[in-house]
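One letter stands for each residue in the lines below.
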Amino acid sequence: MSRSPGILTRVAILSLAALAITAHATEKGMPTTAAGVQDFGAGFMPPSTPFGTLGMRISDYQARVIKDSHGRDDGNDFDINVLAIGLAYLRMTDRQLLGARYGFGAVSVFFRMDADLGINAGGQRVFSDSAQLFRPADLQLIPLILDWRPAPGVGINTQLSIQAPTGDYDKDRLVSPGTHHWTLSPILNASYISPRGLELSSSFQVDINARNPATDYRSGVEYRHEFAVGQHVGDWTVGLGGYYYRQLSDDDAPGLTRGNRARVVALGPAVSFFQPRSGLPAIWLHAYKEFDARNRAEGYTVALKLGVSF
């Protein structure tokens, strides 16, 4: 098998958007798609096989603090844990389009979410809420994948992802796996592996969000750059990975006077295993710590990703 591009899952990050006294960015402070999906091998797509490629990703995100627009703890009691389990199917073909192999795919994800929120004012608790659930998130369709191999050790691919509002959603619940709106995401991935085994990989993604008809809320445009730098040692690659997330435009909603655009950076160790022709799945594992957050939660995530072609 070959390297899988990963499973595009959304890791929900709770904030206090429902209340005027709190800072927020995007609706309920939830990034639309997952961060930390791509690391080593982002630019390389699976081979063209008769039955395609299956991928699975399991991630656990935890956060205990929400940062305000200055990067300070907002002073409220906050706790969230999101376990995401995703399954992706990718099918690369031998068809050529613009000099690239054409492919397509789809991603289905389930979230187990456990969230608690306590809002404090004047030294007293003025509001409390919590939610525990295990439900499906939005379905992601990838109708277009174009894969180029312009030079030895170089892989470039572009993808178009459409996130459909199929996930479980309740506008009155503290958190929901579904967003209840459509999202269009153009993606560009690239990897370079030097003759000595040094790898540089990057993934660039923009999320363009439609309006949520249940709340009349439209989240701003979101940008994410994921990256990994590592050294190949035999079948293993070891190094560092992370991501930079930033909201590019303000949210739009009735009564909203401030955009409170979000941002965060994450960094941590990453390792992958890939042995072609062995019959073993490709494996990716990383642990990222977030820092320098603004208008959103700041936490950490551990993610395991597997991929196998048939």
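In what follows, the structure referred to is the one given above.
Predicted model, so just to flag it, every value in this text is computed and none were measured.

**Regarding the environment of Arg294**
Okay, step 1: With respect to the secondary-structure elements, Arg294 resides in strand β12 (residues 282-294).
Okay, step 2: Spatially, the C-alpha atoms of Arg294 and Asp60 are 21 Å apart, while their sequence positions differ by 234 residues.
Okay, step 3: Of note is the side chain of Arg294, whose polar atom sits 3.0 Å from the side chain of Asp292.

**So, the nonpolar core**
Okay, step 1: Of all hydrophobic cores here, the largest spans 26 residues; its most connected members are Ile80, Phe111 and Val175.
Okay, step 2: Secondary-structure elements contributing two or more residues to this core are β1 (53-67), β2 (77-97), β3 (100-121), β4 (124-136) and β5 (139-151).
Okay, step 3: Residues Ala35, Ala262, Val264 and Ala270 belong to the second largest nonpolar core, which totals 14 residues.

**Side note on unusual backbone geometry**
Okay, step 1: For His180, which is not glycine, the phi dihedral falls at a positive 65°.
Okay, step 2: A residue is classified by how much of its surface remains accessible, and His180, at 28% relative accessible area, is partly exposed.
Okay, step 3: One non-glycine residue, Asn295, lies in the positive phi region at around 55°.
Okay, step 4: Take Asn295: it is sitting in the loop between β12 and β13 (296-309).

Calculation criteria
- Residues numbered from 1 in each chain as written.
- Predicted model: local features only at pLDDT ≥ 70, side-chain atom pairs only at ≥ 80, totals over all residues.
- Heavy atoms only, no water.
- Helix = DSSP H or I, 4+ residues; strand = E, 2+ residues; numbered from the N terminus.
- Polar contact = N/O pair within 3.5 Å; in protein donor to acceptor, adjacent residues only side chain to side chain.
- Core = buried A, V, L, I, M, F, W, Y, C linked by side-chain atoms within 4.5 Å.
- Buried < 20%, exposed > 50% of the residue type's maximum accessible area, 1.4 Å probe, protein only.

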